[in-house]
Amino acid sequence: MIKPQFISFEGGEGSGKSTQIKLLAKRLTKYGDVITTREPGGTIEAEIIRNLLVRGEKNKWSGVVETLLLYAARKDHIDKVILPNLNKNKWVLCDRFKESTIVYQGYGKNVDIKLIKKLDKLITDNLTPSLTFILDIDPKIGLKRSIRKANTETRYEKMSLSFHNKIRKAFKKIANANKRNFKLINANQDIDSIKDIIWNEVTKKIDAKK
Ligand code: TMP
């Protein structure tokens, strides 16, 4: 029996994470129970914090305040959903996790990355997914896609194109610095091709554990 793992999906707006999470969850059911979840959010209480973050005026909070809200939500999510399900031997697929904070608040909003890492250690004990997919898309294409989805969670989408380009660059930098844990995928290709690339990586992990 293969031990289920914690896998996260990261990327800019409109990169197709949620579609790929659903497809992977379906394929993984052969290998155990699977739960899909997201950040910010994933619990009733963390979804309340999500609402504060993803709606409203784009400059309403500093990056540090956002970081604190994100870690409050993350702690609730880890305690109530992520760890209990991993402990029950379930696969946990999460739409965004801590790399989004490093990228959006750290690189995007200039929060000291050392502060984020300290908080991560203190609050999550550095809980880290065993694999993170980063779906890379040109923000000009991604933003169009996500706005088309009649999305009302537009606070980050309202940020400038140069902000979103910074986010893209930071995700790529992180992926290239640690190719063992991060897989960078060109998200500007058809859904099935991306699905197969992801499956190939996950099966490599599964096989390595056999
Ligand atoms: P989503 O649109 O992918 O569901 O993500 C919601 C927004 O939250 C997205 O625009 C990025 C933002 N976000 C951060 O800024 N920092 C974080 O740590 C997380 C998890 C999300």
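Residues numbered from 1 in each chain as written. Predicted model: local features only at pLDDT ≥ 70, side-chain atom pairs only at ≥ 80, totals over all residues. Heavy atoms only, no water.

Caption draft 1: Inspection of the side chain of Thr 67 at higher detail. Among the structural elements, Thr 67 can be located in helix 3 (residues 63-87). With near-sequence residues (within four places) excluded, Thr 67 lies in contact with Thr 101, Gln 105, Val 111, Ile 116 and Leu 119. (Helix = DSSP H or I, 4+ residues; strand = E, 2+ residues; numbered from the N terminus. Contact = heavy atoms within 4.5 Å.)

Caption draft 2: Layout of the pattern of salt bridges. The tally for this structure, following the rule as stated, stands at 17 salt bridges. One salt bridge in this structure joins Arg 155 and Glu 66, with 2.6 Å as the shortest N-O distance. Of this pair, Arg 155 sits in the loop between helix 6 (139-148) and helix 7 (161-177) while Glu 66 sits in helix 3, and the two are 89 residues apart along the sequence. Each member of the pair, Arg 155 as well as Glu 66, is classed as buried. Among the salt bridges present, the one from Lys 172 reaches Asp 136, with a minimum N-O distance of 4.0 Å. On the criterion of sequence distance, the pair formed by Lys 172 in helix 7 and Asp 136 in strand 4 (residues 131-136) is long-range, its members being 36 residues apart. For Lys 172, a relative accessible area of 30% translates into the label partly exposed. Several salt bridges converge on common partners, so that one network encompasses Glu 45, Asp 76 and Lys 80. (Salt bridge = Lys/Arg side-chain N within 4 Å of Asp/Glu carboxyl O. Buried < 20%, exposed > 50% of the residue type's maximum accessible area, 1.4 Å probe, protein only.)

Caption draft 3: Summary view of the packing of aromatic side chains. Enumeration over the complete set of coordinates arrives at six aromatic pairs. With centroids separated by 5.3 Å and ring planes inclined at 40°, the aromatic side chains of Phe 9 and Phe 133 adopt a geometry described as tilted. With Phe 9 in strand 1 (residues 6-11) and Phe 133 in strand 4, the pair connects residues that are 124 residues apart, well separated along the chain. In this structure, Phe 9 and Phe 133 share a single accessibility class: buried. Their ring planes at 50° and their centres at 5.9 Å tell us that Tyr 31 and Trp 199 sit as a pair that is tilted. Highlighted residues: Tyr 31 in the loop between helix 1 (17-28) and strand 2 (34-38) and Trp 199 in helix 8 (residues 191-209), separated in sequence by 168 residues. A relative accessible area of 18% means that Trp 199 is categorised as buried. Site record: aromatic cluster; members linked through ring pairs are Tyr 104, Tyr 156, Phe 163 and Phe 171. In this structure, Arg 74 packs its charged tip against the face of Tyr 71, placed 4.7 Å from the ring centre. (Phe/Tyr/Trp six-rings, centres within 6.5 Å; stacked < 30°, edge-to-face > 60°. Lys NZ or Arg CZ within 6 Å of the ring centre and 35° of its normal.)

Caption draft 4: Seen up close, unusual backbone geometry. With omega at -10°, the peptide bond leading from Glu 39 into Pro 40 counts as cis. If you trace the backbone, Pro 40 turns up in the loop between strand 2 and helix 2 (44-54). With phi around 60°, Asn 110 is a residue other than glycine that occupies positive phi space. Here Asn 110 shows up in the loop between helix 4 (98-108) and helix 5 (113-124).

Caption draft 5: Inspection of the nonpolar core at higher detail. Judged by nonpolar contacts, the single largest core of 23 residues is most densely connected at Leu 53, Val 103, Tyr 104, Ile 167 and Phe 171. Secondary structure elements with two or more residues in this core: helix 2, helix 3, helix 4, helix 5 and helix 7. Considering each element in turn, this core owes the most residues, six residues, to helix 7. One finds Ile 7, Ala 25, Leu 135 and Ile 185 within the second-largest nonpolar core, a separate group that totals 19 residues. (Core = buried A, V, L, I, M, F, W, Y, C linked by side-chain atoms within 4.5 Å.)

Caption draft 6: Broad picture of the site of the ligand. Around the ligand there are 14 residues in total, and Lys 17, Arg 50, Arg 96, Thr 101 and Gln 105 lie nearest to it. At 3.3 Å, a side-chain N or O of Arg 74 approaches an oxygen atom of the ligand. Residue Gln 105 places a side-chain N or O atom 2.9 Å away from a nitrogen atom belonging to the ligand. Here the ligand loses 91% of its free accessible area of 480 Å² to cover by the protein chains. Elements supplying a minimum of two residues to the shell around the ligand: helix 2, helix 3 and helix 4. (Near = heavy atom within 4 Å. Polar contact = N/O pair within 3.5 Å; in protein donor to acceptor, adjacent residues only side chain to side chain. Areas by Shrake-Rupley, 256 points an atom, 1.4 Å probe, with all protein chains shown as cover.)

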